[in-house]
Amino acid sequence: MFSVSLELPEFEVVNQEILPTHYLVHVEKKDKEERCPHCGFLTSFVHDRRTRKVRDLSVLNKPLYLLVLVKRYRCRNCNEVFTASFESIGSHQHYTKRFCLFLYEQVLGTTIQEISRKYQIPYSTVERIFYSVAHDKAKEHESVIQEIQSDQDMTLSMDEVAVRKGHSYETVLYDANLGAVMGMHHNRDFDSTLELLSLKVLHPEKVKNVVVDMWDPFHKAVRKAFPHARMIVDKYHVVQKVTQAFDQVRKKIPGLKKARFILLKGYENLKEEKRERLNELLEKHENLAYGYYLKELFRDFYQSQDDETAKRLLKEWLQLAWSSPFPSFHEVAKTIENWKDQILQYFKTPYTNGRTEGTNHKIKNIKRRAYGYRNLDRFRTRVFLECTGKTYKKQVS
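So, here's what we can say about the structure. Source: prediction; values computed, not measured.

Rules used in this analysis
Residues numbered from 1 in each chain as written. Predicted model: local features only at pLDDT ≥ 70, side-chain atom pairs only at ≥ 80, totals over all residues. Heavy atoms only, no water. Helix = DSSP H or I, 4+ residues; strand = E, 2+ residues; numbered from the N terminus. Rg over C-alpha atoms; globule rule 2.2 N^0.38 Å. Buried < 20%, exposed > 50% of the residue type's maximum accessible area, 1.4 Å probe, protein only. Areas by Shrake-Rupley, 256 points an atom, 1.4 Å probe, with all protein chains shown as cover. Patch = residues over 30% accessible without salt bridge, like charges linked within 9 Å, V, L, I, M, F, W, Y side chains within 5 Å. Salt bridge = Lys/Arg side-chain N within 4 Å of Asp/Glu carboxyl O. Lys, Arg positive; Asp, Glu negative; His and termini not counted. Charge placed at Lys NZ, Arg CZ, Asp CG, Glu CD. Pairing = 2+ DSSP bridges. Core = buried A, V, L, I, M, F, W, Y, C linked by side-chain atoms within 4.5 Å. Contact = heavy atoms within 4.5 Å. Axes fitted to C-alpha atoms, helices over the stretch in contact; angles between N-to-C directions. Left-handed = near helix turned anticlockwise from the far one by under 90°. Nonpolar A, V, L, I, M, F, W, Y, C, P; charged D, E, K, R; others polar. Phe/Tyr/Trp six-rings, centres within 6.5 Å; stacked < 30°, edge-to-face > 60°. Lys NZ or Arg CZ within 6 Å of the ring centre and 35° of its normal. Expected span 1.5 Å × (residues − 1).

### Comments concerning the overall build of the protein
- Along the backbone of the protein there are 15 helices and 12 strands.
- Rg of the C-alpha trace for the protein: 30 Å, well past the compact-globule value of 21 Å for 397 residues, more than 25% over.
- Expressed as lengths along the three principal axes of its C-alpha atoms, the size of the protein is roughly 95 × 50 × 40 Å.
- Evaluated residue by residue, the protein yields a buried proportion of 47% over its 397 residues.
- About 21,900 Å² of surface is accessible on the protein, with carbon and sulfur atoms providing 48% of the total.

### Here we look at a negative patch on the surface
- A cluster of acidic residues, E272, E273, E276, E280 and E283, forms a negative patch on the protein surface.
- Residue classification places E272 among the exposed positions, given a relative accessible area of 52%.

### A few points about the pairing of strand β9 (residues 168-175)
- With 8 of 8 residues buried, β9 is to be regarded as a mostly interior element.
- Both faces of β9 are covered, namely the face carrying S168, E170, V172 and Y174 and the face carrying Y169, T171, L173 and D175.
- Examined bridge by bridge, strand β8 (residues 154-164) and β9 share 8 bridges and lie antiparallel to one another. Looking across to β9, one finds that M158 is bridged to L173.
- Direction of pairing for β9 relative to strand β10 (residues 180-186): antiparallel, over a ladder of 5 bridges. Considered in β10, the bridge of L173 is made with G183.

### Section: the nonpolar core
- With 40 residues, the main nonpolar core has F298, F301, W317, F329 and I336 as its most contacted residues.
- The set of elements that each furnish at least two residues to this core consists of β12 (230-233), α6 (235-251), α7 (260-264), α8 (272-284), α9 (286-301), α10 (307-323), α11 (327-338) and α12 (340-344).
- In contact with I336, not counting residues within four places along its chain, are V238, V242, F298, L314, W317, L318 and I343.
- Listed in part, the 36 residues of the second largest apolar core include C100, L178, I363 and C387.

### Quick word on the sheet that holds β10
- With mixed pairing, 5 strands are arranged side by side in an open sheet as β10-β9-β8-β11-β12. Each end of this open sheet is capped by a strand with a single partner; those strands are β10 and β12. Sheet twist, expressed as the average angle between the axes of neighbouring strands with direction ignored, equals 25 degrees.
- Against the sheet, helix α4 (residues 190-200) contacts β8, β9 and β10, and its axis sits at roughly 140 degrees relative to β10.

### Side note on the packing of α10 against α11
- Here α10 crosses α11 at 150 degrees, and the two axes come no closer than 8 Å. As for how α10 packs across α11, the hand of that crossing is left-handed. Taken together, the residues of α11 that come into contact with α10 (itself represented by L314, W317, L318, A321 and W322) are F329, H330, V332, A333, K334, I336 and E337.
- Among the residues making up the contact of α10 with α11, the classes are represented as 9 nonpolar, 1 polar and 2 charged.

### Description of the packing of aromatic side chains
- Inspection of the entire model under this criterion finds 20 aromatic pairs.
- Seen in terms of ring centroids, F11 and F86 are 5.5 Å apart; in terms of plane orientation they differ by 35 degrees. Their pairing is tilted. Of this pair, F11 sits in strand β1 (residues 11-18) while F86 is found in the loop between β7 (81-83) and α1 (97-107), placing the two residues 75 residues apart along the sequence.
- Residue F11 is classed as buried on the basis of its relative accessible area, which comes to 5%.
- Geometrically, the ring pair formed by F301 and F347 is edge-to-face, given 5.2 Å between the ring centres and 65 degrees between the ring planes. In this pair, F301 sits in helix α9 while F347 sits in the loop between α12 and α13 (354-369), placing the two residues 46 residues apart along the sequence. Across the pair, F347 and F301 agree in class, each one buried.
- Through a chain of ring-to-ring contacts, the aromatic side chains of Y290, F298, F301, Y302, W317, F326, F329, Y346 and F347 assemble into a single cluster.
- Over the ring of Y169 we find R188, and its NZ or CZ is 4.3 Å from the ring centre.
- Directly above the ring of W215 sits R188, whose terminal nitrogen or CZ lies 4.0 Å from the centroid.

### Concerning helix α3 (residues 123-149)
- A rise of 1.5 Å per residue sets the reference length of α3, with its 27 residues, at 39 Å; its end C-alpha atoms lie 38 Å apart and thus fit the reference within 8%.
- For α3, every residue scored as buried is listed here: T125, V126, I129, F130, Y131, V133, A134, A138, H141, I145, I148 and Q149.

These results come straight from atomic positions and should not be treated as a statement about function.
Here's what the structure looks like:
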C-alpha cells in the first residue's frame, strides 16, 4: 500500500486515505504533555479535542491535507485552558509553515492571481500568506545587509523609476557594491530623497561614493546627508544628453527620419553596409557631419585613460560645442560645465549606474506584471525581495 512520508517529526501518523483528488493523513502530536503559556506549569490533563484540516506540500502533484488532532489542555496549577502549539503549523492556521514558504517562493517572479488559480486557493489567502512571509524575509535581508555594510565602505547609486502616469516617481537607493536595493521612497524632491537616505543608511560615515544622474535635488540631498562622500555623475546619462542634442540637429534636416538608428548608434557598432550609408549622409549634409563629429568626440572622451587626459579632452569638447551653430549643443555644454567636477570624478572612481538601470528595468516589469500597485508599500516590498536577495548573497559568497 502506498504510504506518504511527512517528514514532520513532531507528528505521529494515525491513518492515511488516498482519495481521487487528494491525500488525507490523520496525525496527532507525539508529546503527551504541554507547558502552560500562562504559568509555565507542565500538564497532561486534556480538556477537549478538536480536528483541524491543514494543507501541506503536494505529493505526486496531488494536494496533501493533514487532519490534525488538536488537544486543549487545562492547567492543574492556574486552571487556565490553552491549545497545544505546533512547530510546523502556526496558531489558528490551516496551512503548514513549509507550505506557506512554498507559496511565497512560487509567487516571486509571477502574480498572486496566477498562483491562486494554479493551486486553487482563494486570492485573499495567497495574498495574506505571501505578505506575511515577505515581511519576515525582508527583515532578514535588511539585517544581513546592514551587518555587511557596517564592516565595509559603501558606494551608493540613486535613480528614479516612474510608477504611475503623470510624473509619479519612486526614488530607488542601491548599494553598488552588494548589488542590493536598499530602499525606495515616493517622489524625487530634496525632502523625500533626504528622508530616504536618513532612514536606509544606518552608517553614513561608511559612504565614500555616490553615483547619481544630473538631478539637482539628488545632489543637494546627498551633500546634506554625506558631506564627505565623492559625487559621481553617471556617464550614461551624460552621453545620453549629448546624443539627444545631436538628435535635435538631425530632426532639423529633412529626410533623415529613417536614418535615426544609423546616426545615433556608435560608429564602431555599425556593419560595413551601414557605415557606407552613414558616410554618404555625412558627405551630403555639412551640419549633420558637424553634429555627428561632436557626438562621437564626446564618446571618445569617456575612453580617456587618466584624469588629466579627460580634463583636457573635455575642455576641448566644450570649446567646440560652444563654437558650433547648434542651440541644443550650447544647452548641453552649459549642463556639462555645471556638473564638470562630478563628471570628471568618474575617472578617479569609475562607478556607473549600469546595475541600477538594469534593476529599474526589473522594477518596471514587476509593476507591469501586476498592472500597477495601489499599495506602494507592498510594491516596495516586492521590489526589495525580487531585486535584492540573490544579488547580495552572490556578492558575499
